[in-house]
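Here are the chains, one letter per residue:
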Amino acid sequence: MSRSIVPFLVGCALAFFPLAAAGQVQVLETRPFGSTTGPRAAVPDKPCASDDFTIAEMGWPSAAILAHIHARVIAARFGCSVRTVPGDPEATISSMTTTRQPAVAPEIWASRHADIWNGALRAQALRAAGDTFSGGALEAWFVPRYVLENHPGLTAASQLGDYWRVFAPNSAHRAQIVSCPADWACNLLTAKMIAAYGLSDRFNAVEPFDRFTLDRTIADKVAQREPVLTYYWQPNGLISRLDLVALDMGDFDLGNAQCMAIADCMPFGASRYAPDTVVIALAEWVFVNAPEIAAYFGRAQMPLEEMNRLLAWQTEHEASPEEVATHFILTRPQIWRHWTGMDAETGASRQAR
């Protein structure tokens, strides 16, 4: 994520639910992750600087899972008294601004709430410790892995003009890309991207009626080992369950991306989906009074592939966020140990020997 002023285009899907309106261009303000706004207070004996360290648990699965993972790890590693509290993006940002609580919101889609986020930054009430996720695009065109294994030359959306027959059912004269429901913003973006990549003469967009139909369409084709090209987003358990792989969507072009969000505008060229800014938000006092915890969250990026697996595991086992957090902690120590700084300590110990 850029440390300067960040222009962005609102995309079409959150981790849990899609936006229904067309994208808008807004400006998201940031402050450097390591900066402070005043003299640093003395570091207290308690790393969390509070007897009641609170983490916002948002209402969609990935954010709820992250809240419980961080609560468990911080309590165990730093000996803090940590609890999760119910959260909603705008209400949580407002509360962090006015009451300094909760201390942490692990998954804030700041670019979806730019006005209130910018206001909180200007009030010096909170700040991003780092990005929530790492390792991939949040929105892209996906294909099942077996398609890439059968056609190893296909790696990018720009190559689909050469591989369109792969996605043409029953040797039809036009191929298909599964888009999203007509009232989702990504429906417009996908149609514009088909044209921008020069695929209008080769591809038709299939518009599923709703989210259930979208998922069922993809799952049915994968069950039959049929080639399928689809718009989708992550983190999302379906990507892991069906072993979908994102195509390289190329570079981001602000002008083309802005044009794609306007119904009567035709982009001059292609662009990948506009990046969302998804951050771990900390109340400003955490940076000042609990620097160890701020440093932890500065390292605590969850790989998207891992979150996709966790969401798939949650569905398969009908598990609660707490149960998913336990599963992650037991099975992925190589990820969370890095967040805590334990890997660095182990390395220093080995060097000393």
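For the structure itself, look to the data block above.
Residues numbered from 1 in each chain as written. Predicted model: local features only at pLDDT ≥ 70, side-chain atom pairs only at ≥ 80, totals over all residues. Heavy atoms only, no water.

Helices and strands together make up the secondary structure of the chain, namely 15 helices and 14 strands. Looking at the chain as a whole, 50% of its 353 residues are labelled buried. Intrachain contacts of the chain at a sequence separation of at least 6 include 75% that bridge at least 24 residues. When the accessible surface of the chain is totalled, it reaches about 15700 Å², and 51% of it is carbon and sulfur. (Helix = DSSP H or I, 4+ residues; strand = E, 2+ residues; numbered from the N terminus. Buried < 20%, exposed > 50% of the residue type's maximum accessible area, 1.4 Å probe, protein only. Contact = heavy atoms within 4.5 Å. Areas by Shrake-Rupley, 256 points an atom, 1.4 Å probe, with all protein chains shown as cover.)

All right, on to the state of the cysteines then. In protein structure, a disulfide is the covalent linkage between the sulfur atoms of two cysteines. Per the counting criterion, the structure on display carries three disulfides. Between the sulfur of Cys48 and that of Cys80 lies a disulfide, 2.1 Å long from S to S. Torsion about the S-S bond of the Cys48 and Cys80 cystine: about 95°, corresponding to right-handed handedness. Placement of Cys48 in the loop between strand E2 (25-28) and strand E3 (53-57) and of Cys80 in the loop between helix H1 (61-78) and strand E4 (82-86) is noted, with a sequence separation of 32 residues between them. Note on cysteine connectivity: Cys259 is disulfide-linked to Cys265, with sulfurs 1.9 Å apart. Here the disulfide of Cys259 and Cys265 is left-handed, its torsion about the S-S bond being about -110°. (Disulfide = S-S within 2.5 Å.)

This paragraph deals with the environment of Ala128. Examined against the element boundaries, Ala128 turns out to sit in strand E6 (residues 126-131). On the accessibility criterion, Ala128 (5% relative accessible area) is buried. Here the alpha-carbon distance between Ala128 and Glu284, two residues 156 residues apart in the chain, equals 9.3 Å.

Of the strand pairs in this sheet, strand E9 (residues 175-178) and strand E10 (residues 203-206) are connected by four bridges, and their pairing is parallel. Paired with Val178 across the strands is Val206, a residue of E10. Handedness of the β-α-β unit built from E9, helix H6 (residues 185-196) and E10 comes out right-handed. (Pairing = 2+ DSSP bridges. Right-handed = clockwise from strand over helix to strand, strands pointing away.)

Moving on, we get to the packing of helix H12 (residues 304-317) against helix H13 (residues 321-331). Close contact between H12 and H13 brings their axes to 10 Å; oriented N to C, the two are set at 130°. Accordingly, the angle class assigned to the pair H12 and H13 is oblique. Of the two possible hands of crossing, H12 and H13 adopt the one that is right-handed. Here Glu306, Leu310, Trp313 and Gln314 of H12 come into contact with H13, specifically with Pro321, Glu323, Val324, His327 and Phe328. Counted by class, the contact of H12 with H13 contains five nonpolar, two polar and two charged residues. (Axes fitted to C-alpha atoms, helices over the stretch in contact; angles between N-to-C directions. Parallel < 35°, antiparallel > 145°, perpendicular 65-115°, else oblique. Left-handed = near helix turned anticlockwise from the far one by under 90°. Nonpolar A, V, L, I, M, F, W, Y, C, P; charged D, E, K, R; others polar.)

Moving on, we come to the layout of surface pockets. Once rolled over the atoms, a probe with the size of a water molecule shows which space is left empty. Looking at the second largest pocket, its volume works out to about 310 Å³. Forming the walls of the second largest pocket are 15 residues, and the residues nearest its centre are Arg145, Ile239, Leu244, Glu305 and Asn308. Those elements that place two or more of their residues in the lining of the second largest pocket are helix H8 (237-242), strand E12 (244-246) and H12. Here the lining of the second largest pocket takes four residues from H12, the largest share from any one element. When grouped by side-chain class, the residues that make up the lining of the second largest pocket number six nonpolar, five polar and four charged. (1 Å grid on protein atoms, 1.4 Å probe; cavity = no way out; pocket = protein on both sides within 12 Å on 5 of 7 lines; lining within 4 Å. Points joined across faces, edges and corners; volume = space filled by probe spheres on them.)

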